Each structure stands twice: as C-alpha cells, then as structure tokens.
Amino acid sequence: MIRRVQTLRATLVLVLCLVLFVSTLSSQQKPTPEAVRLVGAMLADTPLEEDLQELVDEIGGRPTGSKANLASVEWGLKKFQEAGVKATKEAFEMPRAWQERSSRALVGGDVSFPVRVVAMPFSPGTSAEGITAPLVNIGHGTVEDFERVGPSARGAILFVNTDPLLDIDGLFKEYAESAEIEKRAAIAGVKGIVYMGSRSGVTLHRHNASLGEKNTMPMASMAREHALRIARLLEEGKKLTLTLVLDINDGGPYESYNVIGEITGSVMPNEIVVMGAHLDSWDLGTGANDNGCNVAMMIDIARQMSALGLKPKRTIRFVLWNGEEQGMIGSWKYTVRHRSEMANHVLAGSVDIGSGRIIGFFTNGRPELVGEVDRALQAVAGLGPFMQIDEPVVGTDNYDFMLQGVANIVANHEPANYGPSYHAESDNYDKVNLPQLRSNAAIIAAVVWHFANTDTVVPRQSKEQVQQLIDNTSLRQQMDMFDMYPAWADGSRGWK
Ligand SMILES: [Zn+2]
C-alpha cells in the first residue's frame, strides 16, 4: 500500500515536471498530441509492477532451456494478447543445452573447509568424485602473474582474485579480463579456474565465460568471503588443494522462442521499428533488474498504445528476446529469419541495463542517429537531461542488428544498484527502482513512437560500411572480448 502511494506521488511530480517543460518547448519542435497522450498514460497507474512481480516472483529465474523459461514465453504471449496486441512466438535453435544440477567444493591440504561455488556457464561437469588439484593464486591473472607462477600452473586449479563489482565499467572490465585469463590459462595447461566472487558477502553470481558454448575448461565462481579466506591462507604460504564437483546437464541443440507483440503500421506497414528486452535470465536470482523489469516495460508500452487506440505509421514490434544471456542467440536468429525484411527495419532498440534512470542512448557509431534520438526525447524532456553516446556497445540484443547495418540504440542508465546484484542471487524484485522504471517506460515509449512516425529515416549500412565501423571504432576490440569476431569474419553472423 505504501508503495502505491509513493508511486503515485512520484508520478504526479513527474507529470508536473513534464507539463512545465513542454510549455517552454515552443521554440523547438513540439511533441505530437499522440506522443503527449502516450507519455501521460505511461506515467499514470498501469499494471507494470504487478506484471514484473508475477514474472520474477512467480515464474522466477528463467535461463533459456529451463522449464521456467518456457513458462515465461507463455506468460509473455498471454500478456500481449490480454493487452489487445497481436502476439506470436517464433522458434529458433539454441546451439547447446547447459544447466547446473549442483556444484560443491572443498578446500584441502594444510587447512580444510567447504566453500560455496557455482559452475560458470558452459563449464563441463566433473565425475561424481570431482577434480582435485593444487590451488595456485594467479592474482588478477595478468601476463606478469602468469610469468610469476610459471610451470606450477600446469595441472593446477587457478585461483583468480577480483575487485568488487560496482557498475557497468567494472562489469566490462570483468568480461575483458576473464577473456584474457582464459586464453592464458589454456596455454598454461591448467586443470580448471576458480574466480573469487565479485559480489559482496557470500552472494553467488554466474555469467558467461568468454568462449560461451565453446568453453571446455571446468570453471567456477566462489563466494567472496570464502575466497578471501583462501587468498589470506595462500598469502601465508599454506599449501591448499581444491576439490570441485560439478554436476551439469550438458546437451545438444534445442528449440527456444522469442515472443513478439506487434502493432501493425497504418501508413507504412512494411517498415518496422523493433524495441526489445530479453526474457531469459540466469537462475541464481530471479532476473529482476536483468531483465524482467524491462520485459514488463515492453508489455506495458504495447498495452498503453493499444488502450489509447494509437495508430503508428510504421509497424512496431515489441520483442521479448530469448537466449540473450547465452550469446544473444534469439536476436541473432531473428535477423536470420527476417533477413528479407532487414532493409525495412528503421530502428532496433534494446533496454537491458536495469532500472536506474535512463540518461540517454548509445547510438552505436551512427552519428546521424543522435539528432533523431534527441528529437524523440523532446516528448519526455522533463524526465531528462539526456545525452547520447555515439559508441558501439556489444553485449545485448542490438548486436546482430548492428552487424546487419540496421540503425540501433541501447538505453544507457544510471548504474543504481544494477552492478552489485548483476547475475547474482540478489537480483530480485526488491532491487528494482519501481518509480524510475515507470519513468523509463515513458522515455522508451516516446522513442518508439517517434521512430514509428518520423519522416527522417536513417538508412541501412552496406556490409562495407559495417566493416568500417568494426575497423574504426572500439567494436572490433569488444567483439574479440566475447570471441565474436570469427563468426562475422566467416560470414556465419551478420550481413550476407
Ligand atoms: Zn541483460
């Protein structure tokens, strides 16, 4: 009840800010009456929070390939249908099934104690007795660290120290470093890798190893408090071993589904604006900030457009992507299935960085998009300020649209509490900033509406232009970090 009152008060403040700002906009391009109505409806009372709570508390964590994930697909379909929006599920093939049944670990040698671990995604399982090997402290796993430990890394389980994860920058550092560590570890001939958890206390987290489904090395993440104890003991010169028992359900390809809610365009039905959020999550927590909150947002925007009877000129597809956490597979397969329509895609947007305030958009190396996004945001100027960053981002469902040359954006958020719970046991409903989620929903609604109606279209890039984008920006480096360049280079992923 208290939550409701607070939400209502926050909403009133937001609406007030908006009205004040709109009234000073006369010198600039004025938002259309439809945009103003839509934004107003998004900021008013809608079932956004109830939807989110159903998805995360009742269905729960939903890694692609799990029963809960299939339940979430049916849930998404039903929600779009109840909103009066045409809804379909599109099947696609996931390359490799992977689910952890259980993981445990025991420190032995000079001191013996159990520690909490989880398997890293796509880590192979072990026998029932597990693997046992000396623990070698590899520090942060730099080149110098590997030189320092020398041949003692061979046949050992590497113990990697980490810094606490605070924000998106820390996250990218974590991904970038682990990619390099894994390469060095493979050359050094290690038996396995254990990462010190980067979330506080004994909160476990799980996310992709850099090689994704191609990984063949046993890898685990260990509760930080337990790992810090090991670090101190190794520092004192104690000799420790680790026994790692990973029980994994590892299988071949299987079918998964994206869920699409579509509002057909009234003037240019063949031109398409995609706005999406991924439905799948990791399973330790319930995927609330990553990315249930923005799934609920997509459904809410579609619902309000439908309730207001708004008729966009272009077709809008609200897509709940699947397979994102396991290599952004669902959005990739969408671009393959809809290849003949790619040239008609006017924009592909992704919302995937939690529920902190949206402070602008990544325009992914397309400077001509910046002004258009600025204009889109005039309808929600009171919720700003906003600033666009024209840098490519790899790591969510804009990626394959970028490789197809389609104009694409990713919402950029204040970090809020995204980092500390990222892919962790603590990513639950109570961590979502609900008033901010509502205001973010109004921002995304304004952007979708603008691109579905604007006269200015940012044309698709040629394959050569995409190659230039890769060569001339940080895109190549990011693709290398996720081991994704080879698929572009051999033509299996991206422009054909
Ligand atoms: Zn995500």
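Residues numbered from 1 in each chain as written. Predicted model: local features only at pLDDT ≥ 70, side-chain atom pairs only at ≥ 80, totals over all residues. Heavy atoms only, no water.

Engineer: Teacher, can you tell me more about helix 13 (residues 434–453) here?
Structural biologist: In an α-helix, one turn spans 3.6 residues, which is why side chains three or four residues apart end up on the same side. The end-to-end C-alpha distance of helix 13 is 29 Å, a good match for the 28 Å that 20 residues give at a rise of 1.5 Å each. The element helix 13 is extensively covered by neighbouring structure, given that 19 of its 20 residues are classed as buried. Between the side-chain oxygen of the N-cap and the backbone nitrogen of Gln436 there are 3.1 Å, and the N-cap of helix 13 in question is Asn433. (Helix = DSSP H or I, 4+ residues; strand = E, 2+ residues; numbered from the N terminus. Expected span 1.5 Å × (residues − 1). Buried < 20%, exposed > 50% of the residue type's maximum accessible area, 1.4 Å probe, protein only. Polar contact = N/O pair within 3.5 Å; in protein donor to acceptor, adjacent residues only side chain to side chain.)

Engineer: Could you clarify how one ought to interpret the pairing of strand 15 (residues 408–413) in this entry?
Structural biologist: Every other side chain in a regular strand lies on the same face of the sheet, so the side chains alternate between the two faces. In terms of residue burial, strand 15 counts as a mostly covered element, since 6 of its 6 residues are buried. Pairing geometry for strand 13 (residues 345–350) and strand 15, over 3 bridges, is parallel. Bridging across to strand 15, Ala348 finds its partner in Asn408. The pairing of strand 14 (residues 358–362) with strand 15 spans 4 bridges and is classified as antiparallel. If you follow Phe361 over to strand 15, its bridge partner there is Ala411. (Pairing = 2+ DSSP bridges.)

Engineer: How should the nonpolar core be read in this particular structure?
Structural biologist: Soluble, globular proteins show a tendency: their nonpolar side chains are buried together. Core analysis: the biggest nonpolar cluster contains 69 residues, and Met305, Phe318, Phe361 and Ile444 have the highest contact counts within it. Ranked by the residues each element gives to this core, the list is headed by helix 13, at 13 residues. Grouped together as the second largest cluster of nonpolar side chains are 28 residues, Val115, Ala133, Leu234 and Leu242 included. (Core = buried A, V, L, I, M, F, W, Y, C linked by side-chain atoms within 4.5 Å.)

Engineer: Looking at this structure, I do not really get the packing of aromatic side chains. What am I missing?
Structural biologist: Ring pairs (aromatic) are described by centroid distance and by the angle formed between their planes. The tally for this structure, following the rule as stated, stands at 5 aromatic pairs. Between Trp321 and Phe401, the ring centres sit 6.0 Å apart and the planes meet at 55 degrees, which makes this aromatic pair tilted. Of this pair, Trp321 sits in strand 12 (residues 314–321) while Phe401 is found in helix 11 (residues 399–403), placing the two residues 80 residues apart along the sequence. Assigned by exposure class, Trp321 and Phe401 land together as buried. Note on Tyr334 and Phe401: the rings are 5.7 Å apart at their centroids and 50 degrees apart in plane angle, and the pair reads as tilted. Taken as a pair, Tyr334 in helix 9 (residues 329–337) and Phe401 in helix 11 lie far apart in primary sequence, 67 residues in all. A relative accessible area of 1% means that Phe401 is categorised as buried. Taken together through their ring pairs, the aromatic side chains of Trp321, Tyr334 and Phe401 make up a single cluster. (Phe/Tyr/Trp six-rings, centres within 6.5 Å; stacked < 30°, edge-to-face > 60°.)

Engineer: I would appreciate a short explanation of the packing of helix 10 (residues 367–376) against helix 13 in the present structure.
Structural biologist: Packed helices, taken two at a time, are described by the angle their axes make and the gap between the axes. Axis separation between helix 10 and helix 13 bottoms out at 8 Å; the angle between their running directions is 120 degrees. Where helix 10 crosses over helix 13, the two elements pack in a sense that is right-handed. Here Leu369, Glu372, Val373, Arg375 and Ala376 of helix 10 lie close against helix 13, whose contacting residues are Ala446, Val447, His450 and Phe451. Per-class residue counts for the contact of helix 10 with helix 13 are 6 nonpolar, 1 polar and 2 charged. (Axes fitted to C-alpha atoms, helices over the stretch in contact; angles between N-to-C directions. Left-handed = near helix turned anticlockwise from the far one by under 90°. Contact = heavy atoms within 4.5 Å. Nonpolar A, V, L, I, M, F, W, Y, C, P; charged D, E, K, R; others polar.)

Engineer: Is there a simple way to think about the sheet that holds strand 8 (residues 219–222) in this case?
Structural biologist: Adjacent strands of a sheet form backbone hydrogen bonds with each other and so pair up, either parallel or antiparallel. Across the sheet, which stays open at both edges, the 8 strands sit in the order 3-2-9-5-6-7-8-4 with mixed pairing between neighbours. With partners counted over all chains shown, the strands left at the sheet margins are strand 3 (113–115) and strand 4 (117–119), one partner each. Each strand axis lies, on average, 30 degrees off the axis of its neighbour in the sheet, ignoring direction. Where strand 6 (residues 157–160) and strand 7 (residues 192–196) come together, 4 bridges link them in parallel fashion. Its bridge partner lying in strand 7, Phe159 is registered against Val194.

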